[in-house]
Amino acid sequence: MNKETSKIRDEIIRSSGVNPKKCMRCGKCTATCPAFDEMEYHPHQFVYMVENGDIEPLMQSKSLYKCLTCFACVDRCPRGVEPAKLVESVRLAVIRKQGANHLTSDDIPALLDEDMPQQAIVSALRKYSK
Amino acid sequence: MKKVAYFPGCTLRTKAKDLDKYAKDSANALGFSLEEIENWQCCGGVFTTSKDEIATKLSSVRALAYAEKNNQILLTVCSACHNVIKQTDNAMRNDSEFASHVNNYLKDETYHGTARVMHYLEYLRDEVGFDNVAQKVVNSLKGVKIGAYYGCLLLRPNSVMQMDDPENPRIIEDLIKALGAEPVIYPYRNECCGGYVALEDAASAKKKSVSVLESAKQAGADIVVTACPLCKYNLEKNASDVKVVYFTELLAQALGVKGDENE
Ligand code: SF4
Ligand code: SF4
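Note that the coordinates shown come from a computational prediction; the quantities given were computed from them, not determined experimentally.

Undergrad: What am I meant to see in the overall build of chain B here?
TA: Scanning chain B from N- to C-terminus turns up 11 helices and 8 strands. Computed over its C-alpha atoms, the radius of gyration of chain B comes to 18 Å, within 12% of the 18 Å expected for a compact globule of 263 residues. C-alpha atoms of chain B, sized along the principal axes, occupy 55 × 45 × 30 Å. Scored against the burial criterion, the 263 residues of chain B give a buried share of 62%. Long-range pairs, those at least 24 residues apart, make up 73% of the contacts in chain B between residues at least 6 apart in sequence. As presented, chain B carries roughly 10,300 Å² of accessible surface, and 45% of it is formed by carbon and sulfur atoms. Looking at chain B, you have 31 positive and 35 negative side-chain charges, and the mean spots of the two groups are 2 Å apart.

Undergrad: Explain the pattern of salt bridges here, please?
TA: Oppositely charged side chains are able to pair whenever their charged atoms sit close together. What the rule picks out here adds up to 34 salt bridges over all chains. Where K127 of chain A meets E88 of chain A, a salt bridge forms, and the shortest distance between an N and an O atom there is 2.4 Å. On the criterion of sequence distance, the pair formed by K127 of chain A in helix α8 (residues 118-128) and E88 of chain A in helix α6 (residues 83-95) is long-range, its members being 39 residues apart. The burial state of K127 of chain A is the same as that of E88 of chain A; both residues are buried. Between E249 of chain B and K258 of chain B there is a salt bridge, and its shortest N-O distance comes to 3.0 Å. Residue K258 of chain B is classed as buried on the basis of its relative accessible area of 17%. Through salt bridges with shared partners, a single network forms among E11, R14, R96 and K130 of chain A together with D52 and E53 of chain B.

Undergrad: When you look at the site of ligand 2 in this model, what are you seeing that I'm missing?
TA: Residues and elements named next belong to chain A. The full set of residues close to ligand 2 is C33, P34, A35, P43, C67, L68, T69, C70, F71, A72, C73 and A84. Under a 2 Å grid-point criterion requiring more than half of the atoms, the pocket assigned to ligand 2 is the second largest cavity. Looking at the shell around ligand 2 residue by residue, the class counts come to 11 nonpolar, 1 polar and no charged.

Undergrad: Looking at this structure, I do not really get the sheet that holds strand β2 (residues 32-36) of chain B. What am I missing?
TA: Think of a sheet as strands paired side by side through backbone hydrogen bonds, with each pair either parallel or antiparallel. All names here are of chain B. On the basis of which strands lie adjacent, the open sheet formed by 4 strands has the order β2-β1-β3-β4 and parallel pairing. Each of the sheet's edge strands pairs with one partner strand only, and the pair in question is β2 and β4 (116-119). The mean inter-strand angle of the sheet, taken between neighbouring strand axes irrespective of direction, is 40°. Where strand β3 (residues 73-76) meets β4, 4 bridges bridge the pair, whose relative direction is parallel. Of the residues in β4, the one forming a bridge with I73 is R116. Across the sheet, helix α1 (residues 17-30) touches β1 (2-7) and β2, and the angle it forms with β2 is around 140°.

Undergrad: I'm lost on the site of ligand 1 in this one. Help?
TA: Close to ligand 1 lie 13 residues; C23, C26, G27, C29 and C77 of chain A are nearest. Its residues assigned to classes, the shell around ligand 1 shows 8 nonpolar, 2 polar and 3 charged.

Undergrad: What's the story with the packing of helix α2 (residues 58-69) of chain B against helix α3 (residues 79-94) of chain B in this structure? I'm lost.
TA: Any two packed helices are characterised by how steeply their axes cross, that is the angle between the axes, and by the distance between the axes. All names here are of chain B. Here α2 crosses α3 at 80°, and the two axes come no closer than 9 Å. The orientation of α2 with respect to α3, classified from their angle, is roughly perpendicular. Contacts between α2 and α3 involve S60, V61 and L64 on the former and, on the latter, V84, I85, T88, D89 and M92. Considered class by class, the residues forming the contact of α2 with α3 number 5 nonpolar, 2 polar and 1 charged.

Undergrad: Just to check I follow, could you spell out the side chain of E53 of chain B for this structure?
TA: Tracing the sequence through the fold places E53 of chain B in the loop between β2 and α2. Residue E53 of chain B is classed as buried on the basis of its relative accessible area of 4%. A polar side-chain atom of E53 of chain B sits 2.9 Å from a polar atom in the side chain of K130 of chain A. In this structure E53 of chain B touches L92, R96 and K130 of chain A together with T48 and F98 of chain B, once residues within four positions along its chain are discounted.

Undergrad: How do you make sense of the pairing of β2 of chain B when you look at a structure like this?
TA: All names here are of chain B. Two elements, β1 and β2, share 5 bridges in a ladder whose sense is parallel. The partner of K2 across the bridge, within β2, is F32. With α1 bridging β1 and the parallel β2, this β-α-β connection has right-handed handedness.

About the thresholds
- Residues numbered from 1 in each chain as written.
- Chains lettered and ligands numbered in written order.
- Predicted model: local features only at pLDDT ≥ 70, side-chain atom pairs only at ≥ 80, totals over all residues.
- Heavy atoms only, no water.
- Helix = DSSP H or I, 4+ residues; strand = E, 2+ residues; numbered from the N terminus.
- Rg over C-alpha atoms; globule rule 2.2 N^0.38 Å.
- Buried < 20%, exposed > 50% of the residue type's maximum accessible area, 1.4 Å probe, protein only.
- Contact = heavy atoms within 4.5 Å.
- Areas by Shrake-Rupley, 256 points an atom, 1.4 Å probe, with all protein chains shown as cover.
- Lys, Arg positive; Asp, Glu negative; His and termini not counted.
- Charge placed at Lys NZ, Arg CZ, Asp CG, Glu CD.
- Salt bridge = Lys/Arg side-chain N within 4 Å of Asp/Glu carboxyl O.
- Near = heavy atom within 4 Å.
- 1 Å grid on protein atoms, 1.4 Å probe; cavity = no way out; pocket = protein on both sides within 12 Å on 5 of 7 lines; lining within 4 Å.
- Sits in = over half its atoms within 2 Å of the grid points.
- Nonpolar A, V, L, I, M, F, W, Y, C, P; charged D, E, K, R; others polar.
- Pairing = 2+ DSSP bridges.
- Axes fitted to C-alpha atoms, helices over the stretch in contact; angles between N-to-C directions.
- Parallel < 35°, antiparallel > 145°, perpendicular 65-115°, else oblique.
- Polar contact = N/O pair within 3.5 Å; in protein donor to acceptor, adjacent residues only side chain to side chain.
- Right-handed = clockwise from strand over helix to strand, strands pointing away.

Right, here's the structure in full:
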C-alpha cells in the first residue's frame, strides 16, 4: 500500500469509526442489503477492501450512490461492524474533492416530478454533494 | 392542555401538509398541543454518519438546544426528521469530541444532551397511552385491514432509535388496534422503500417499493400506513390497489377530527 492510499484508508477508518478487523466475512450484511442488485461492490466487500487499502475501485464505483442508508447492514451484522458507515466515508472522500460532486442543484429540476417530496431532494443533495 | 415542543420539518410544510395537520388536530383531540419550535431549520433529510460532518448536523442541534432550554421533550412526526435528530442527539451525548466541536461553534445555543426526542407514535404509546387513545375513538375503523409500514428510519439503527424491536415491531400495530382496525403483519414492513435514490434511479426505488407492496397485499392489507413522506411517495408511485396513508390521517379519522366524516 503506498503512502497516499494508506492515508486515505486511515482517514476513512477514523471518520467512520468502523473497525474492519472485527468482520468475520459472514456476508450477512450483503445478504440483507436491499441495494444488492444495483451495487457492484457489496457491503462486505467495502469492509475488506478498505481494510486491504483497495480503495480506488470503491471510489470509482457507482455503488457509492446506490446505498440507501437504510442501516439494515448496520443492525443485522452479528459483529457490529456497521458497513454503511464505510460506504459513507468512502463517498465523502470522493465528493469532498474540488468539483467532484455527484449531483448539484442544477441537476435537480430535470429529475423531479410534481409529487417528489422535498425530503428526497435534500437527502440526495446531502448524500451526493458537498 | 399540555404543550409539547414540535419539530415539523420541511416536507410537512409542503408536500406532506396532511401529515402535519392531522397530527395537530389529533393531538388537540387527545389533550395535548404541538407547539412549533422557533426558527427551526430543515434537518437535511438523512443523517450523515461520518464523525467529521459537523455543519450538516447543526440544524438538529439547534432544535435540541431549544427543547433543552424549554420543556425537554422534542416531538417529531416525520420518520426522517426523527431519525436525523435522534442520531444527532446520540452523537452529542456519546461523542465528546464531536460535541465540543459543535458547542464551540454554536456558542450561545450549546446543547448538553438532556432533551428527550420522541416520535409522535412514542408519545401516544408512552405519554397518552394507547388505551386512552382507544377511548377517544368515535369512528371505529372496525373491519379495515391495515399494514403498518415502518421502513428503515423509525427503527434503525436500533441501538440509537430504541423505539421498538427492530425486527418484530408492534408500536404501529398497537395503534391500529386502538383505532379498532385489524393490523396485518407482513415480512417487508421494516425493509426500505428505496428512499432518496428514487431521485436519480427510479427503477431501483420501484423494485424495493413493489416488494413492500406485494408483501403487504399478499398478507391481506387494504391500506398501508406510514410516517414518512418519502416512503409514501415511493410506495404510491408504484402502488396498484393498496392505499397508502399517513398514520396521522387514520388517527384523525378515527378520532372524528378529519373533517370529512359525513362525506
Ligand atoms: S455482516 Fe458484519 S461480520 Fe458479516 S460480512 Fe458483513 S460486516 Fe462482516
Ligand atoms: S445501508 Fe446501504 S449498504 Fe447497508 S444495507 Fe442499506 S443500502 Fe445496503
